[in-house]
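Architecture at a glance
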Amino acid sequence: MGETILEVKNLKINFKTYAGLVQAVRGVDFSLEKGKTLAIVGESGSGKSVTSNAIMKLIPQPPAIYAEGEILFEGKDLVKATEKEMTKIRGNDIAMIFQDPMTALNPTMRVGKQIMEVILKHKKAATKEEAKKRAIELLDEVGIPFPEQRFKQYPHEFSGGMRQRVVIAIALAAEPKILIADEPTTALDVTIQAQILELMKQIQRTSDTSIIFITHDLGVVANVADTVAVMYAGQIVEYGTANEIFYNPKHPYTWGLLGSMPDLDNDADELLRTIPGSPPDLIHPPVGDAFAARNEFALQIDYEQQPPMFQVSETHFAKTWLLHPDAPHVPVPEAVRKRIEGYLEKNDETSIELGKGGE
Amino acid sequence: MAEKILEVKDLKQHFGTIKAVDGISFDVYKGETLGLVGESGSGKSTTGRSIIRLYDITGGEIKFNGRNVQDKMSSKELRSFNKEMQMIFQDPYASLNPRMTAGEIISEGFEIHGMYKNKKERRERVGMLLEAVGLNREHANRYAHEFSGGQRQRIGIARALSLEPSFIIADEPISALDVSIQAQVVNLLKQLQKERDLTYLFIAHDLSMVKYISDRIAVMHRGKLVEIGTSEDIYNYPVHPYTKSLLSAIPLPDPLSEATRKRIPYKDEEPEGELSMHEVFEGHFVYATDEQIGRWYTGKKVKLQ
Ligand SMILES: Nc1ncnc2c1ncn2[C@@H]1O[C@H](COP(=O)(O)OP(=O)(O)OP(=O)(O)O)[C@@H](O)[C@H]1O
Ligand SMILES: Nc1ncnc2c1ncn2[C@@H]1O[C@H](COP(=O)(O)OP(=O)(O)OP(=O)(O)O)[C@@H](O)[C@H]1O
Ligand SMILES: [Mg+2]
Ligand SMILES: [Mg+2]
């Protein structure tokens, strides 16, 4: 195993709201290796953005409360770091691409100037001229046509996807050790997306950058991730290598995710598969497994007690009682199994064994 | 074919020197879903925003139910237009007022349009809409800024549905959602379409979802509409090299395929001669010069690998 650059341990974040205390992140553990990409996927509202903003200490307190846990960056606990220390770390060591590009952009400042500022601040260029040249290069690298002209425009003159690319350019300008990218390519068409993913991988190779990549797009996850964390209701419910998650998923929520994607040959007349019900209220999270109410395979114990993380392999973990030795045997649902088998067959892959739900 | 609900003719929307939309024409038929895909910055949102009258257009004509939308409307006509046509905006952060609760946002139009008699009926309706988009009734009292990105997007969808429009422009309505909720929202949109004969202009980047939801698909590139046809045709037998490039870049939830993915690169040509729409198969048009069409189109349906 490689060198760990970031370790999040039992992180719990709450929000004080008028309606009550929202337990947005409920005990998250993961580690990020140097030069690797961890993808975080999961339910909307499951705490992906809060977790990543928490690493940057970018959630306002109040309403946010760091209730418990540690965020160890190169051994130092960021939860305890002062604002002054964080200012040094942000952008320099850890840069973030926000889900909402407008929070990162100043609407009244020309786009080019905003990129130049970052370049100069992090001393990636000595003179203004150099910084300008580099800024235009970056705009070009993220696929913005006519970068010299675009350099002089304001954010509102850019399309949604172009703004997002500016934010990406700014994050890359700092050449950070860790890049946290929250839905960085969601607003982009697939060709530009592919271009950006290639750019990120190239930068990762040359500067050994570690990446946390949050996305809903399982195709993108398959493209970029070394490891994958699946989140549900403020917790990581499955964790493993990309191959383990895509070809041998163990958690019923992961099955649900993999089953909901349309195939390119999905019949337009049939409805897509969905996960029934809605996620739990995080003001009053359920006592047992948070996914139980929506899980067609839920056991009695799911309503009473939270499952621990069961270990499936050296690198693969899942938080479901179905993995308990005494649990009944529940195979991967037919539709998901067929799809996985189709992929494995297409790739002539026989060494990966599609496991069963509850061995 | 069914009757046309929307006719766009030679629409141009320029911002200074930027020709965001540069002479595009298409029709939308009642009850269908037209998917609009294409390069980021190619003018998809601008097209949607022009149709819903957010801009004075630079040129061309937009007709909704046979009426030119740019014409001056009486306040009654305007009210009806504003009810019949709704837009789900691309940016769920910018399009919701953070000082309003989800319930207030969703029920905002009820008053103006005299819908639902009393508070109780309105509250009930808001609750139903929240549930329809996969949120809880209790969410009605929370403020917009207390929601995650995907949750906000669903509030935007509930708001668009609240006035029971007949035509919805959905600009990236699902890209901020996780796949299971995407599926839920898409099923909901489909179901509503069946029940109420709704028509959608569905702008999105997720091509597998677009293919699934759309009857026809239009592909935009740099302000032009470069190809339009049935979903089946566009996906299986694309003719324009940009469409081919786009389709070759759809990522699959399959790490092994992704590791060996080969994209078809696209390079803009600077063609000589006049560009126009060529019908290559029935109802399937490609924007090209005569010379280009001769090169790109063999006369046979060639399946994209
Ligand atoms: N400022 C806030 N006040 C109160 N609750 C909040 C606040 N910010 C986030 N939350 C809540 O915390 C939970 C996690 O939100 P988060 O933004 O991390 O979700 P997410 O996993 O990133 O979702 P999405 O995929 O939709 O972006 C949600 O239930 C959300 O409502
Ligand atoms: N208000 C404006 N002022 C100036 N230029 C604008 C404005 N709105 C859009 N543009 C420009 O028009 C072009 C088309 O933008 P539009 O938002 O329609 O693209 P899009 O196809 O929706 O892209 P995306 O997929 O990234 O959302 C872009 O070049 C953009 O910079
Ligand atoms: Mg988020
Ligand atoms: Mg757009």
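Owing to the predicted nature of the structure, the values given are computational and were not obtained by experimental measurement.

1. Some details on the overall build of chain A
Each helix and strand in chain A was counted, giving 12 helices and 12 strands. For 359 residues, the compact-globule formula gives about 21 Å, and the C-alpha radius of gyration of chain A, at 21 Å, lands near that figure. Referenced to the eigenvectors of the C-alpha coordinate spread, the extents of chain A come out at roughly 65 × 45 × 40 Å. When contacts within chain A are restricted to residue pairs at least 6 apart in sequence, those whose partners lie at least 24 apart make up 65%. Here chain A has roughly 15400 Å² of accessible surface; of this, 51% comes from carbon and sulfur atoms. Looking at charge distribution, chain A has the averaged site of its 38 positive side-chain charges lying 9 Å from that of its 50 negative ones.

2. Considerations on the site of ligand 1
Residues in close proximity to ligand 1 total 19 residues, the closest being A:S44, A:G45, A:S49, A:V50 and B:S148. Residue A:S44 places a side-chain N or O atom 2.7 Å away from an oxygen atom belonging to ligand 1. Within the backbone of A:S46, one N or O atom sits 3.1 Å away from an oxygen atom of ligand 1. In isolation ligand 1 exposes 640 Å². Once the protein is present, 91% of that is buried.

3. Things to note about the site of ligand 2
The environment of ligand 2 is formed by 21 residues, the closest being A:R150, A:E157, A:G161, B:G41 and B:T46. Mapping the residues adjacent to ligand 2 onto the chains of the assembly identifies chains A and B. In the environment of ligand 2, an oxygen atom lies 2.8 Å from a nitrogen or oxygen atom belonging to the backbone of B:K44. In this structure, B:T46 approaches ligand 2 through a side-chain N or O atom, which is 2.5 Å from an oxygen atom.

4. Observations regarding the UniProt feature "domain: ABC transporter" (unreviewed entry) in chain A
The positions UniProt marks with the feature "domain: ABC transporter" (unreviewed entry) are residues 8-258 of chain A. Annotated as 40% helix and 27% strand, the span residues 8-258 of chain A places its first and last C-alpha atoms 26 Å apart.

5. Thoughts on the environment of A:N14
Residue and element names in this part refer to chain A. Tracing the backbone through its elements, the reader meets N14 in strand β1 (residues 4-17). Overall, N14 belongs to the buried group, its relative accessible area being 12%. C-alpha of N14 to C-alpha of T254: the two residues are 240 residues apart in sequence and 25 Å apart in space. Once residues lying within four places of it in the same chain are set aside, the contact partners of N14 are L21, V22, Q23, A24, P63, A64, I65 and A67.

6. Here's the deal with the pairing of strand β9 (residues 216-221) of chain B
Residue and element names in this part refer to chain B. Counting buried residues along β9, 6 of its 6 residues qualify, which places the element largely inside the surrounding structure. Across the two faces of β9 the burial is the same, with R216, A218 and M220 and I217, V219 and H221 all buried. Two successive antiparallel strands, β9 and strand β10 (residues 224-230), enclose a turn made up of 2 residues, where R222 displays a positive phi of approximately 45 degrees.

7. So, the packing of aromatic side chains
All names here are of chain B. Tallied over the entire structure, the rule returns 11 aromatic pairs over all chains. Ring centres 5.4 Å apart and planes at 75 degrees place the aromatic pair F15 and Y55 in the edge-to-face group. Taken as a pair, F15 in strand β1 (residues 4-15) and Y55 in the loop between α1 (44-51) and β4 (59-64) lie far apart in primary sequence, 40 residues in all. Residue Y55 is classed as partly exposed on the basis of its relative accessible area of 23%. Seen in terms of ring centroids, Y242 and Y266 are 5.4 Å apart; in terms of plane orientation they differ by 75 degrees. Their pairing is edge-to-face. Here Y242 is found in helix α9 (residues 241-248), whereas its partner Y266 is found in the loop between α10 (255-259) and β11 (276-281), with 24 residues between them in sequence. A residue is classified by how much of its surface remains accessible, and Y242, at 2% relative accessible area, is buried. With relative accessibility at 24%, the residue Y266 sits in the partly exposed group. The lysine or arginine in question, K211, covers the ring of Y235, its NZ or CZ lying 5.8 Å from the ring centre. For the cation-ring pair, K301 lies above F281, with the distance from its terminal atom to the ring centre recorded as 5.0 Å.

8. Considering the interface of chain A and chain B
Taken together, the contact between chain A and chain B spans 64 residues of the former and 52 residues of the latter. One can count 2 salt bridges joining chain A with chain B. A salt bridge links B:R142 to A:D281; its shortest N-O distance comes to 3.6 Å. Viewed at the interface, chain B and chain A are joined by 14 residue pairs in polar contact (both at pLDDT 80 or more). Of all the secondary-structure elements, those providing two or more residues to the side of chain A that touches chain B are α7 (160-173), α8 (190-207), α9 (218-224), α10 (242-247), α11 (252-260) and α12 (334-346) of chain A. The dominant element in the side of chain A that touches chain B, judged by the number of residues it contributes, is α8(A), at 7 residues.

9. A closer look at the nonpolar core
By size, the foremost hydrophobic cluster in this structure holds 76 residues, and its most contacted members are A:L6, A:I13, A:F30, A:I55 and A:I94. Setting aside residues no more than four positions away along its own chain, A:L6 makes contact with A:F30, A:S31, A:L32, A:I55, A:I71, A:L72, A:F73, A:I178 and A:I212. Counting 56 residues, the second-largest nonpolar core is a separate cluster that includes B:L189, B:F202, B:Y235 and B:L247.

10. Quick notes on the packing of helix α3 (residues 102-112) of chain B against helix α5 (residues 149-162) of chain B
Residues and elements named next belong to chain B. Two numbers describe how α3 lies on α5: the axes approach to 8 Å, and their chain directions differ by 20 degrees. The angle between the axes of α3 and α5 places the two elements in the roughly parallel class. Helix-helix and strand crossings are classified by hand; for α3 and α5 the assignment is right-handed. On the side of α3, the interface is formed by A102, I105, I106 and F110, while α5 contributes I155, A158, R159 and S162. Of the residues in the contact of α3 with α5, the class split is 6 nonpolar, 1 polar and 1 charged.

11. Some thoughts on unusual backbone geometry
The step from A:Q61 to A:P62 runs through a cis peptide bond, and the omega angle for that step is -15 degrees. Inspection of the secondary structure assignment puts A:P62 in the loop between α1 (48-55) and β4 (64-73). The peptide bond linking A:P62 to A:P63 adopts the cis configuration, its omega dihedral lying at 5 degrees. Although it is not a glycine, B:E172 adopts a positive phi angle of roughly 50 degrees. One can find B:E172 in the loop between β7 (167-171) and α6 (179-196). Take B:E172: its relative accessible area is 3%, and that puts it in the buried class.

12. Examining the sheet that holds strand β5 (residues 76-77) of chain A
All names here are of chain A. Taken in spatial order, the 4 strands make up an open sheet running β2-β1-β4-β5, and their pairing is antiparallel. Each edge of the open sheet carries a strand with a single partner, namely β2 (20-33) and β5. In this sheet, β2 lies alongside β1 in antiparallel orientation, the contact comprising 11 bridges. Residue pairing for β2: L11 is matched across the bridge by V28.

13. Here's the deal with the domain arrangement of chain B
Residue and element names in this part refer to chain B. Structurally, chain B comprises domain 1 (4-236) and domain 2 (240-305). On a C-alpha basis, the centres of domain 1 and domain 2 stand 27 Å from each other. Between domain 1 and domain 2, the contact holds 18 residues from the first and 19 residues from the second. Carbon and sulfur atoms supply 56% of the area that domain 1 and domain 2 bury against each other, a total of about 1600 Å² over both sides. Across the pair R222 and D268 runs a salt bridge whose closest N-O atoms are separated by 2.9 Å.

Conventions adopted
Residues numbered from 1 in each chain as written. Chains lettered and ligands numbered in written order. Predicted model: local features only at pLDDT ≥ 70, side-chain atom pairs only at ≥ 80, totals over all residues. Heavy atoms only, no water. Helix = DSSP H or I, 4+ residues; strand = E, 2+ residues; numbered from the N terminus. Rg over C-alpha atoms; globule rule 2.2 N^0.38 Å. Contact = heavy atoms within 4.5 Å. Areas by Shrake-Rupley, 256 points an atom, 1.4 Å probe, with all protein chains shown as cover. Lys, Arg positive; Asp, Glu negative; His and termini not counted. Charge placed at Lys NZ, Arg CZ, Asp CG, Glu CD. Near = heavy atom within 4 Å. Polar contact = N/O pair within 3.5 Å; in protein donor to acceptor, adjacent residues only side chain to side chain. UniProt positions renumbered as here; feature names shortened; annotations may be inferred. Buried < 20%, exposed > 50% of the residue type's maximum accessible area, 1.4 Å probe, protein only. Pairing = 2+ DSSP bridges. Phe/Tyr/Trp six-rings, centres within 6.5 Å; stacked < 30°, edge-to-face > 60°. Lys NZ or Arg CZ within 6 Å of the ring centre and 35° of its normal. Salt bridge = Lys/Arg side-chain N within 4 Å of Asp/Glu carboxyl O. Core = buried A, V, L, I, M, F, W, Y, C linked by side-chain atoms within 4.5 Å. Axes fitted to C-alpha atoms, helices over the stretch in contact; angles between N-to-C directions. Parallel < 35°, antiparallel > 145°, perpendicular 65-115°, else oblique. Left-handed = near helix turned anticlockwise from the far one by under 90°. Nonpolar A, V, L, I, M, F, W, Y, C, P; charged D, E, K, R; others polar. Domains from an automatic or database assignment. Buried area = accessible area lost by both parts, 1.4 Å probe.

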